[in-house]
Amino acid sequence: MVYCINPKCSNRLNDDRSKNCKTCETPLLIQDRYQLIEPLRELHKSPYIEVFEVYDLLQEKFRVLKVLKVSHAVLLELLKREAKVLTWLNHPGVPKVDVDGFFTLRLQKTLQLHCLAVEKIEGQDLEKWLQKQGILSPNLALAWLRQITEILDRVHHEKLIHRDIKPANIIRKSDGSLVLIDFGAVRQVTETVLGGGDVTSILTPGYAAPEQYKGKIYPQSDFFALGRTCVHLLTGQHPSGFQEDKENGLIWRHQIAQEMGGTSINPLLDFIDELMAYSWKKRPANTRVLLKRLEQVHYKLIHAPDEQPVTLGKTMPLPPQPRDKISRVRSRVLSPYGLSIASFLLAIALFPLGIWVGRQIEWQEVFSDSPGVCRLPAADVTAMDFSPTGSHLVSTSSDASVRLLDVSQGLEATETDCQAFHSKSVVTANFSPDGQYIATTSLDGTIGISEFQPSGQIQFLESLEHRRHPTRPPVVAAAFAGSNNIQYLATGSSDGSLKVWDIKQVREEASLNAPGRNYVTSIDFSRDGIYLATTSLNNVPLVWQWQDDEQTAIALPQNNAVTAAFNPAEDRYLATAGADGTIMVWDIEDPEEAIAQFNQNTQIQALQFSPNGRYIAVTSFDDQAQLWDWQTYPEGQVTRRLAPQNVRAIAFTSRNGEHIAVASADDTVQIWQTENLGNIARRSSTEVTAVLFDPVNPDRLAMVTFNGAVELWQWR
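Remember, it's a predicted structure, so these values are computed and weren't measured experimentally.

This part takes up the confidence of the model for the chain. Averaged over the chain, the pLDDT score is 79; the fraction of residues at 70 or greater is 81%. Within the model, pLDDT remains below 50 along residues 189-200, and this stretch shows 27 contacts once partners closer than five positions in the same chain are excluded. Across residues 305-372, where pLDDT falls below 50, the model places 186 contacts with residues more than four positions away in sequence or in other chains.

The next point concerns the side chain of T653. Within the secondary structure layout, T653 lies in the loop between strand 42 (647-652) and strand 43 (659-664). Apart from residues lying up to four places away in sequence, T653 is in contact with P611, E658, H659, F693 and P698.

This part is about the sheet that holds strand 25 (residues 458-465). The antiparallel open sheet is built from 4 strands, whose spatial order is 22-23-24-25. The outermost strands of the open sheet, each flanked by one partner alone, are strand 22 (426-431) and strand 25. The sheet shows a mean angle of 20° between the axes of neighbouring strands, direction not considered.

Taken as a whole, this structure holds 13 aromatic pairs when the rule is applied. With a centroid separation of 4.0 Å and 15° between ring planes, the pair formed by Y218 and W280 is classed as stacked. One end of the pair, Y218, is in the loop between helix 4 (191-194) and helix 5 (219-235); the other, W280, is in the loop between helix 7 (266-275) and helix 8 (287-302), and 62 residues separate them in sequence. Here the aromatic rings of F431 and F452 are separated by 5.4 Å at their centres, their planes lie at 85°, and the arrangement is edge-to-face. Of this pair, F431 sits in strand 22 while F452 sits in strand 24 (residues 446-452), and the two are 21 residues apart along the sequence. A relative accessible area of 4% places F431 in the buried class. Its relative accessible area of 15% is what places F452 among the buried residues. Ring pairs connect the aromatic residues Y488, F525 and W546, which therefore count as one cluster.

With that settled, consider the nonpolar core. Counting residues in each nonpolar core, the largest one holds 56 residues, and the members touching the most others are L145, F183, W252, L268 and I272. Taken together, the elements giving at least two residues each to this core come down to helix 1 (73-88), strand 8 (112-119), helix 2 (126-133), helix 3 (138-157), strand 12 (178-180), helix 5, helix 7 and helix 8. Not counting chain neighbours up to four residues away, the residues in contact with W252 comprise V231, L234, T235, F242, L269, I272, D273 and M276. V562, A577, F598 and F609 belong to the second largest nonpolar core, which has 17 residues in total.

For the structure shown, the criterion picks out 30 salt bridges. The partner of K66 in a salt bridge is D182, with the nearest N and O atoms 3.5 Å apart. With K66 in strand 6 (residues 61-68) and D182 in the loop between strand 12 and strand 13 (187-188), this pair connects stretches of sequence that are 116 residues apart. Note that R716 and D699 form a salt bridge whose closest N and O atoms lie 2.6 Å from each other. Taken together, the residues span a long stretch of sequence, with R716 in the segment after strand 48 (710-714) and D699 in the loop between strand 46 (688-693) and strand 47 (700-705) at a distance of 17 residues. What makes R716 exposed here is its relative accessible area of 51%. Its relative accessible area of 18% is what places D699 among the buried residues. The network of salt bridges with common partners includes R33, D56, R63, D98 and D100.

The rules behind these values
Residues numbered from 1 in each chain as written. Predicted model: local features only at pLDDT ≥ 70, side-chain atom pairs only at ≥ 80, totals over all residues. Heavy atoms only, no water. pLDDT = per-residue confidence, 0-100. Contact = heavy atoms within 4.5 Å. Helix = DSSP H or I, 4+ residues; strand = E, 2+ residues; numbered from the N terminus. Pairing = 2+ DSSP bridges. Axes fitted to C-alpha atoms, helices over the stretch in contact; angles between N-to-C directions. Phe/Tyr/Trp six-rings, centres within 6.5 Å; stacked < 30°, edge-to-face > 60°. Buried < 20%, exposed > 50% of the residue type's maximum accessible area, 1.4 Å probe, protein only. Core = buried A, V, L, I, M, F, W, Y, C linked by side-chain atoms within 4.5 Å. Salt bridge = Lys/Arg side-chain N within 4 Å of Asp/Glu carboxyl O.

Structure representation (structure tokens):
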């Protein structure tokens, strides 16, 4: 049987062999390709829009056809907007629309139907899923949060806001993956919107953010709706059924905490409350911050102290991860925000093309203690470092491998150059200042110490561990001391432990007791090796006098610092960046108050001093990069923005910082003069995620691409 598309027809059901409606003679084949199989909403309950399942004879597949049956300017604009967005927004978590998917059908002189044919997603929306399956478990809630955030990452990246996230607008496919539907309310993020200008209020009570009721919309409005969706799925109760106020928000968690594991699931509940903050400014800044916060929540759940942690099960779906910046080259930290991103790196390794294949991965399968396998080419590159002479470059990958690349041979690795010292993803790699040693750290909880031999080979010496225990914490940060103390290596792990190693003697030299023992987010030695600066998750930056008998630490008065770096020209100066976007410079000989400061107003991705110590380059989660002449403008009165948009990586020339390389998402790498930001050279390079200048020949730049390739560019 097929339906007649004419909304004024009195009897719309027809035999599927008929060409025209038996009642009104309207053709039953629409646009010479679509047959209406059945209505997906009751027709008499749809005063404006009817929705049908249709069969596309041209492409031999089922679709959903939305039919606007009244002349309504606002609804027509929404339907056109949805058509436009879904035509070019290509993501597996979003339905697709063909370029001719929107069309207007004239049935009579006075009857005009506007239609949109959308890909039919086979599955069940989460509202119906809830009615059938019951409330969500914490582990599935976390997994679904990841998937929806991944979809929003793409949507927001295209400067769009969904505006109507709720269980009924999320479909679960048979393979377990989620699809976000109903983009009719989507809105572009224009200057008017972000400036607080009024927009057409389209909202669903219980899910819509407070600002939407005032005619305003922000990307964080989607996060509020996502939090309310989680509340509905975790409790089985519509969010509007709970009490709420501006100070305490939604009062919803007392019952769920008792039913699902007591306080051990508080990190998840706290995070959902953060999503639902009454003020949009108190919600996560963007999807990338949200993804990193999710990794933090996951880490806290599986390491819940003092009581039985929530069991997340043997399987956990790994959604696709964004093509985000890999660890900064020669960085001392695995993640600038310092979150537990073991699964993030593994997701990059397992899904290098960023495609969610809809299957669940055994955590035990991924985090096995089996020996690593060295593959050519690399799955991806997680870190790289030049030897001090510039003759070789070491790179590491999430496939647990370490590669030594001969610069003179064009960076072509051979089987003999590819080693697997670790059993899990390798996340940092550093040459010692004298070039004799290479230190690598891994998510398997080990530090690999290797000797770089004159023949250009790596000789593995020793594997060190932060904790001799079957569940070793991942070692996520590392740094060598300066030239005066070259034998010392500092490392930090996800459980907050800090250690200093004498690599010549291959022994532990010091174990530092970090207050609070939070996930270490960065480590840096002063040039003389006397001071060691560290930052850790949700903690103040610490400057350790680690060689003193008491191993004292100076706590700098900055909350929630995410990264720190010493001035390479003057050891007494230290720069730190906070999660709120504030960058401060300290004189550690008089650390009571910062001597320079400016606010980036968004989460900091990374910071680095120029080699002469004059400039600080800052990249942030809004994909911008700025240069700050901190001594000339200590109050941040003037900062200079690097020209490219969507910056992925930056690096100063190693000797004097005269030039700076900038890799951006427009698939270009550019070289700029640091002094006046004059553009010197430009090259098209696809998806460069990290850059590093040759320390001897500053005219040569090493570049890492997302697919695991390392390239050299002789830029002048």
